Amino acid sequence: MEEGSFRSSIPTYVDKSKVLDVKPLRTLKPLFVSSAQAPPLFSSSPSGPFPSGFTPFYPFSMNGESPGKNQRGGMASDKMDVDGANGNAGSSRKRGAGKQKKAARKSVGSRNAGVSFTVNGGANFIARCTPFNKEDGDREMVEYVLMTFDAVRRRLSQVEEAREAPNGSIKRPDLKAGNVLMSKGVRTNMRKRIGATPGVEIGDIFFFRFEILVVGLHGQSMGGIDTLITKGGKGDDSLAISIVSSGYYDDDTEDKDVLIYSGQGGNPISKEKEASDQKLEKGNLALERSLHQANEVRVIRGMKDPMNSSVKIYVYDGLYTIKESWLEKGKSGCSVFKYKLVRLPGQRSAFADWNSIQKWKAGLSSPAGLISQDISSGAEKITVALVNDVDGREAPSYFTYSTVLRYSRSIRLTNPSVCNCHKACQPGDLNCSCIRNNGGDFPYASSGVLVSQKPLVHECSPTCPCFPTCKNRVSQSGLKLKMEVYKTTDKGWALRSWDPIRAGSFICEYAGEVVDSPSGLQGIGQEDDYIFDTSRVLGQSYKWNYEPSLLNEEIPDESTENDNIPALVISAKNVGNVARFMNHSCNPNVFWQLIQYEQNRDSFLHVAFFAKKHIPPLTELTYDYGISQFETHRRRNCLCGSEKCRGFFG
DNA sequence: GGACTCTCAAGATC
DNA sequence: CGATCTTGAGAGTC
């Protein structure tokens, strides 16, 4: 820690001649891949359809359900079959369009005719949840289950918020989504175990109790103590295997490695019933037995979301053991069991980081290697830190910080449209033309998260009469997260957030200068490492949107709209915002989404980044740069290090 | 804006 | 199979 030793060299006034030209990603050598080796390219038309969001992702085996399409063979065959998945999904969607509008429920079954299911006769993608990986998971399965949960939950929120009379409706989309996943068997790590949960990493964050349940980290939907029956007999022979410290009880969570956890029970059940003494039974008894057994106990710490105090975030803080227990008088005057849990040494930090970040934000301390408090020089509403803890005080190469996308000339994309709402646009209000432009669905849930990826999201424009607080302006509100541009050991500069990020949250726009002539792109990409190009094709498709069949919905027909979206190419070499520091990954945690809104009587395209999954603080933000369609384009070696790394990008 | 109350929920267990 | 237990999350209130 070299606290307080910086506070200089804001890049806008550093001596350009002395600054090394640091690329966002280190370029090793040009890489040319023959077509036989190249990964499958999807929908190569520059006008779309949108390359990333619409081809269903099959991360796991189809178990021979797409015969003849699986061309990888060997080990790969039971992992991923992107070719087959795309072939199937693409054709079935086209067939489904128009014909099956009415038979929503039926169509799901008939579309899948001939496919054998392993679970509840649901959609074929559920077949990936095999008895094997439902019992014991891995990272891929955990991420898949979490992504499915949140996609379903977002959709249920969207449907719910559009409803006029919320009587008998889904008030708890999280519980409903949990129920859908449980009943369809979309879950993992169902086998209870002592110690680590395969695929769940220390530091992982969760926004709902059900998320923790469906990945098998903690097997109680509400209760704070989960137990494992050790001998075939009574419940008495149980050990505590995981606990959630949520704030409901008076736990002491001050120390980053020690947790004083309260036993369960004794709370007043209703207004009439008084608090009572806790008894040495159930979870309390299991904790007591675990004290003597000294077995590992998983600890999940709940805390307020620094972004939104009404939201609670759960952080998996790794394994602890119980060292002591005692009985004391609680605030109500009744006896409460207390357990002292101590974190096992040698685990990567998780909860401790949250404490550090709080101090940084409060100005009580600084991260090691802080060079600048704000590389945006005040352009952003929230400061953007610059940190180099790797090689001294070197700063990124010179550029002009801009929060907006600069168009050199106006491009009329569609007829500009403004809505006629005079407060905030209301989900479900089909009189609102902005909502109609989005196909009738409000693109964002009330929490501000994007519900589904689409070819194009139509936001309300600055000229719409609705309030600036209208929820349909998410990408126009600027940075909300506390960002940090930081130096990595091997990938140049990178971007991360001090705040936790919920899946679907808006992160930032890709600011820069629009490159006018798409025909001239071939040359531009050669020299400019800060090009963003919507016509690049993503090397790996994935499914972010909810699976309609899980909710007995028909597959929406997106094929007719947005066929004429032109390619958008942006250079952030000279002008840009934090987005220019985001590196490529083949397994990214961020994706981009085209947004359109009206400005000065013309409609303009924007590129907005959203969180693909929940992102813990200080995790590098990455997106898939995609692959240029120009064969002469210079490709670069990928250093993302993910298991499914395709080896190159660009 | 935040602390509080109210309401309606879920799975596990017995 | 249903009652009981154990709180979570969102909305509404002051």
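Residues numbered from 1 in each chain as written. Chains lettered and ligands numbered in written order. Predicted model: local features only at pLDDT ≥ 70, side-chain atom pairs only at ≥ 80, totals over all residues. Heavy atoms only, no water.

Considerations on the overall build of chain A
Step number 1: Assigned secondary structure in chain A consists of 10 helices and 25 strands.
Step number 2: Per-residue burial over chain A gives 55% buried out of 650 residues.
Step number 3: Across chain A, contacts joining residues at least 24 apart in sequence account for 71% of those joining residues at least 6 apart. (Helix = DSSP H or I, 4+ residues; strand = E, 2+ residues; numbered from the N terminus. Buried < 20%, exposed > 50% of the residue type's maximum accessible area, 1.4 Å probe, protein only. Contact = heavy atoms within 4.5 Å.)

A word on unusual backbone geometry
Note: most residues except glycine have negative phi, and most peptide bonds are trans.
Step number 1: Positive phi values are uncommon outside glycine, yet Ser377 reaches one of about 50 degrees.
Step number 2: Taking the relative accessible area as the measure of exposure, Ser377 reaches 42% and is therefore partly exposed.
Step number 3: The residue Leu618 is not glycine, and still its phi comes out positive at about 65 degrees.
Step number 4: Relative to the elements of secondary structure, Leu618 occurs in the loop between strand 22 (602-611) and strand 23 (622-623).

Some points on helix 4 (residues 139-161)
Step number 1: In this model, helix 4 (23 residues) spans 33 Å end to end at C-alpha, consistent with the 33 Å of a helix rising 1.5 Å per residue.
Step number 2: Of all 23 residues that make up helix 4, 20 are buried, and the element is covered over most of its length. (Expected span 1.5 Å × (residues − 1).)

With respect to the protein's contact with DNA strand B
Step number 1: Taken together, the neighbourhood of DNA strand B is formed by Leu175, Asn179, Met182, Lys192, Phe210, Gly219, Gln220, Ser221, Met222, Lys304 and Ser309.
Step number 2: By atom count, sugar and phosphate contribute 67% of the portion of DNA strand B lying within 4 Å of the protein.
Step number 3: One nitrogen or oxygen atom from the side chain of Lys304 is found 3.3 Å from a phosphate oxygen belonging to DNA strand B.
Step number 4: A distance of 3.5 Å separates a phosphate oxygen of DNA strand B from a polar side-chain atom of Ser309.
Step number 5: At 3 residues, the largest contribution of residues to the surface near DNA strand B is made by helix 5 (residues 173-184).
Step number 6: Taken together, the residues that form the surface near DNA strand B break down as 4 nonpolar, 5 polar and 2 charged. (Near = heavy atom within 4 Å. Polar contact = N/O pair within 3.5 Å; in protein donor to acceptor, adjacent residues only side chain to side chain. Nonpolar A, V, L, I, M, F, W, Y, C, P; charged D, E, K, R; others polar.)

Remarks on the confidence of the model for chain A
The predicted coordinates ought not to be read in detail in places where the model reports low pLDDT.
Step number 1: Confidence along chain A averages 76 in pLDDT terms, with 73% of residues attaining 70 or more.
Step number 2: When the criterion is pLDDT under 50, residues 1-124 qualifies, and its contacts beyond four places in sequence or with other chains add up to 223 contacts. (pLDDT = per-residue confidence, 0-100.)

Focus: the protein's contact with DNA strand C
Step number 1: Taken together, 15 residues form the shell around DNA strand C, and within it Arg172, Met222, Ser246, Tyr249 and Tyr314 come nearest.
Step number 2: Each atom of DNA strand C within 4 Å of the protein was classed as base or backbone; sugar and phosphate made up 74%.
Step number 3: In the model, a phosphate oxygen of DNA strand C is placed 3.1 Å from a nitrogen or oxygen of the Gly224 main chain.
Step number 4: Here the surface near DNA strand C is composed, by residue class, of 6 nonpolar, 5 polar and 4 charged.

Points about the pattern of salt bridges
Step number 1: This structure, assessed with the given rule, holds 25 salt bridges.
Step number 2: With its nearest N and O atoms 2.7 Å apart, the salt bridge here joins Asp204 to Arg139. Taken together, the residues span a long stretch of sequence, with Asp204 in the loop between helix 5 and strand 1 (205-206) and Arg139 in helix 4 at a distance of 65 residues.
Step number 3: Given a relative accessible area of 10%, Asp204 falls into the buried group.
Step number 4: In this structure, the salt-bridge partner of Arg172 is Asp174, at a minimum N-O distance of 2.8 Å. (Salt bridge = Lys/Arg side-chain N within 4 Å of Asp/Glu carboxyl O.)

Regarding the sheet that holds strand 18 (residues 569-571)
Step number 1: Here 4 strands make up an open sheet; going across it, the order is 11-16-18-17 and the pairing mixed. The two strands at the open ends of the sheet, each matched to only one other strand, are strand 11 (405-406) and strand 17 (531-533).
Step number 2: Pairing of strand 17 with strand 18, which is carried by 3 bridges, proceeds in the antiparallel orientation. Paired with Phe532 across the two strands is Ile570, which belongs to strand 18. (Pairing = 2+ DSSP bridges.)

Topic: the nonpolar core
Step number 1: Within the largest apolar cluster, 46 residues are counted, with the highest numbers of intra-cluster contacts made by Ile507, Tyr510 and Phe609.
Step number 2: Elements supplying a minimum of two residues to this core: strand 9 (384-387), strand 13 (483-487), strand 14 (493-497), strand 15 (506-509), strand 21 (590-599) and strand 22.
Step number 3: Sort the elements by how many residues they give to this core and strand 22 lands first, with 4 residues.
Step number 4: Residues Leu156, Val214, Val215 and Ile300 belong to the second largest nonpolar core, which totals 41 residues. (Core = buried A, V, L, I, M, F, W, Y, C linked by side-chain atoms within 4.5 Å.)

Thoughts on the sheet that holds strand 12 (residues 457-458)
Step number 1: Read across the sheet, 4 strands follow the order 12-21-22-15 without closing on themselves; strand pairing throughout is mixed. With partners counted over all chains shown, the strands left at the sheet margins are strand 12 and strand 15, one partner each.
Step number 2: With 3 bridges connecting them, strand 15 and strand 22 associate as antiparallel partners. Directly across from Cys508, in strand 22, lies its bridge partner Phe609.

Brief notes about the environment of Phe604
Step number 1: Position of Phe604 relative to the elements: it lies in strand 22.
Step number 2: Remark: the alpha-carbon pair of Phe604 and Gly223, spanning 381 residues in sequence, is separated by 50 Å.

Focus: the side chain of Thr197
Step number 1: Secondary-structure assignment places Thr197 in the loop between helix 5 and strand 1.
Step number 2: With a relative accessible area of 2%, Thr197 lands in the buried category.
Step number 3: Residues within four places of Thr197 in sequence aside, it is in contact with Asn189, Val215, Gly216, Leu217 and Arg298.

Here's the deal with the side chain of Ser376
Step number 1: Within the fold, Ser376 resides in the loop between strand 8 (370-372) and strand 9.
Step number 2: In this structure Ser376 comes out as buried when scored by relative accessible area, which is 3%.
Step number 3: Separated by 2.9 Å, the side chains of Ser376 and Asp374 make a polar contact.
Step number 4: Excluding its chain neighbours within four sequence positions, the residues that come into contact with Ser376 are Val384 and Tyr401.

Topic: the packing of helix 4 against helix 5
Step number 1: The interhelical angle for the contact between helix 4 and helix 5, taken along N-to-C directions, is 130 degrees, at an axis separation of 8 Å. Regarding the angle of helix 4 to helix 5, the classification is oblique. Once helix 4 is placed against helix 5, the crossing between them reads as right-handed. Of helix 5, the residues touching helix 4 (which contributes Val145, Thr148, Phe149, Val152, Arg153, Leu156 and Ser157) are Pro173, Asp174, Lys176, Ala177, Gly178 and Leu181.
Step number 2: When its residues are assigned to classes, the contact of helix 4 with helix 5 shows 7 nonpolar, 3 polar and 3 charged. (Axes fitted to C-alpha atoms, helices over the stretch in contact; angles between N-to-C directions. Parallel < 35°, antiparallel > 145°, perpendicular 65-115°, else oblique. Left-handed = near helix turned anticlockwise from the far one by under 90°.)

Quick look at the packing of aromatic side chains
Step number 1: Per the counting criterion, the structure on display carries 19 aromatic pairs.
Step number 2: Both rings, one in Phe532 and one in Trp592, keep their centres 5.3 Å apart while their planes meet at 90 degrees; by these two values the pair is edge-to-face. Of the two residues, Phe532 is situated in strand 17 and Trp592 in strand 21; the sequence distance between them amounts to 60 residues. Each member of the pair, Phe532 as well as Trp592, is classed as buried.
Step number 3: Aromatic side chains Tyr625 and Phe649 sit 5.1 Å apart centroid to centroid with 90 degrees between the ring planes, which places their arrangement in the edge-to-face category. Linking Tyr625 in the loop between strand 23 and strand 24 (636-637) with Phe649 in strand 25 (residues 648-649), this pair joins segments that are 24 residues apart in sequence. Note on accessibility: Tyr625 and Phe649 belong to one class, buried.
Step number 4: Taken together through their ring pairs, the aromatic side chains of Tyr510, Phe532, Trp592, Phe609, Tyr623, Tyr625 and Phe649 make up a single cluster.
Step number 5: Of note, Arg580 hangs over the ring of Phe399, and the distance from its end group to the ring centre comes to 3.8 Å. (Phe/Tyr/Trp six-rings, centres within 6.5 Å; stacked < 30°, edge-to-face > 60°. Lys NZ or Arg CZ within 6 Å of the ring centre and 35° of its normal.)

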